[in-house]
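Below, each chain spelled out in residue letters.
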Amino acid sequence: MATDEVVGEAVVTCEDLVKVFRSATGETHALRGIGLEVLPGVLTVVAGPSGSGKSSLLTLLGARDRPSAGQLTVLGSDVAAASTRQLRTLRRRRIGFVPQRSSEAVFPHVRAIDQLRQVGSWRGDGGDPAGALEAVGLGDRAGHLPSALSGGEQQRLAVALALVGSPQLVVADEPTAELDHANADKVMDALLATAAAGCAVVISSHDDRITHRADRLLRLRHGVVSSETSGQQATAAVIDSTGRLQLPPAVLDLFPSRRVVVETVGDEVRLRRPEETP
Ligand code: ADP
Ligand code: MG
């Protein structure tokens, strides 16, 4: 994305987004107050270690789950308030989604090209099913059933299904996890081209080869956004709505006592270690 490019209105906005999973053994606070905007024409990568909340966040951004608390607006719909039927229509017509288990997005008994035609028709103009297969390197698999495809090929078919028919939002959870470098690059090319055409694209990954190609990189840690980088800008740490600041791990290591003196000098805020008390 060129830095001087005009970016349109946010496709997704969330504020203080919270997701709590409850089970017999207790509660898991998967997301603990996320605020962000997803913009058209931008490929956003959500990175973070396993368990940091990537899948929980992407599932919400794709309007496939409802928040436990906080505000989530996807393509103009308030996800907490919308009916199940409204959300289903929104997902079918306007959102391409690749779940972490990408084979779940594939219709098992339908030839590749036919499922692309079906999904394309739900999105309106039908799109370009053959072109979508080509874009992920599956041009020669059009007549195959998913059972005749490898795990990686099924993952690429799931990406093609997410991209066909010009959705306004594409959300893909670790869409290159099962791919070798060449195919991962091809899928990234297709996702970046989709973003360049004006779609809002959000993917998760913990692969540096992928995160390096992001227009915008959000890092999650324990269910909150710990840092945000856009294009060539310096990485920005995020201050949450109650004023808490997450320091990058390397900076955190400088403060073993977990105490900091905050000084304002001109337009800079400096953090320094408190004087040692004997
Ligand atoms: P990531 O995708 O970064 O690995 P997840 O969003 O899958 O992270 O998980 C975040 C936390 O929420 C983890 O502790 C995970 O065990 C928990 N979690 C995710 N989904 C569920 C669920 N359906 N039920 C209970 N706990 C869940
Ligand atoms: Mg995950």
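Note that the structure is predicted; figures quoted are calculated from it, not measured.

Novice: Honestly, the site of ligand 1 in this entry has me stumped. Any pointers?
Specialist: Every residue lining ligand 1 is accounted for by Phe 21, Thr 28, Ala 30, Pro 49, Ser 50, Gly 51, Ser 52, Gly 53, Lys 54, Ser 55 and Ser 56. Between an oxygen atom of ligand 1 and a side-chain N or O atom of Lys 54, the distance comes to 2.8 Å. At a separation of 2.6 Å, an oxygen atom of ligand 1 approaches a polar side-chain atom of Ser 56. Against a free-state accessible area of 560 Å², the protein chains account for coverage of 61% of ligand 1. Of all the secondary structure elements, the ones that give two or more residues to the shell around ligand 1 are β2 (26-38) and α1 (54-61). Counting residues per element, the shell around ligand 1 draws most heavily on α1, at three residues. For the shell around ligand 1, the class distribution of residues is three nonpolar, seven polar and one charged.

Novice: Even after reading the chapter, I still don't get the pattern of salt bridges, so can you show me in this structure?
Specialist: Where charged atoms of side chains with opposite charge meet at close range, the side chains can pair. One pass over the structure, following the stated rule, counts 12 salt bridges. A salt bridge links Arg 111 to Asp 114; its shortest N-O distance comes to 3.0 Å. According to the relative accessible area criterion, Arg 111 is partly exposed, its value standing at 37%. In this structure Asp 114 comes out as partly exposed when scored by relative accessible area, which is 28%. Glu 153 is the partner of Arg 141 in a salt bridge, and the nearest nitrogen-oxygen pair spans 2.9 Å. Note that Arg 141 is positioned in the loop between α4 (129-135) and α5 (151-163) and Glu 153 in helix α5, a separation of 12 residues in sequence. Taken together, the shared-partner salt bridges connect Arg 111, Asp 114 and Arg 117 into one network.

Novice: What is the right way to read the coordination of the magnesium ion (ligand 2) from this model?
Specialist: Four donors placed tetrahedrally around a metal ideally meet at 109.5 degrees, and six donors placed octahedrally ideally meet at 90 or 180 degrees. Surrounding the magnesium ion (ligand 2) are the protein donor atoms Ser 55 (OG) and Gln 100 (OE1), at 2.1 to 2.2 Å. Taken together, the residues Ser 55 in helix α1 and Gln 100 in the loop between β6 (95-98) and α3 (112-122) connect sequence positions 45 residues apart. The partly exposed category is assigned to Ser 55, whose relative accessible area is 23%. Note on Gln 100: relative accessible area 41%, which makes it partly exposed.

Novice: Help me understand the nonpolar core, please; the structure alone is not making it clear to me.
Specialist: Here is a general trend for soluble globular proteins: nonpolar side chains tend to be buried in one another's company. Among the nonpolar cores identified, the biggest contains 37 residues, and Leu 43, Leu 116, Leu 157, Leu 191, Val 201 and Ile 203 are the most heavily contacted of them. Contributing elements (two or more residues each) for this core: β3 (43-47), α3, α4, α5, β7 (169-173), α6 (181-196) and β8 (200-204). Considering each element in turn, this core owes the most residues, seven residues, to α5. Residues contacting Leu 157, with those up to four places away along its chain left out, are Val 106, Ala 112, Gln 115, Leu 116, Leu 133, Leu 138, Pro 146 and Leu 149. Membership of the second largest hydrophobic core comes to 30 residues, among which are Val 12, Cys 14, Leu 60 and Ala 200.

Rules used in this analysis
Residues numbered from 1 in each chain as written. Chains lettered and ligands numbered in written order. Predicted model: local features only at pLDDT ≥ 70, side-chain atom pairs only at ≥ 80, totals over all residues. Heavy atoms only, no water. Near = heavy atom within 4 Å. Polar contact = N/O pair within 3.5 Å; in protein donor to acceptor, adjacent residues only side chain to side chain. Areas by Shrake-Rupley, 256 points an atom, 1.4 Å probe, with all protein chains shown as cover. Helix = DSSP H or I, 4+ residues; strand = E, 2+ residues; numbered from the N terminus. Nonpolar A, V, L, I, M, F, W, Y, C, P; charged D, E, K, R; others polar. Salt bridge = Lys/Arg side-chain N within 4 Å of Asp/Glu carboxyl O. Buried < 20%, exposed > 50% of the residue type's maximum accessible area, 1.4 Å probe, protein only. Donors = N, O, S within 2.8 Å, 3.2 Å for Na, K, Ca; no water. Core = buried A, V, L, I, M, F, W, Y, C linked by side-chain atoms within 4.5 Å. Contact = heavy atoms within 4.5 Å.

These figures capture arrangement, not role.
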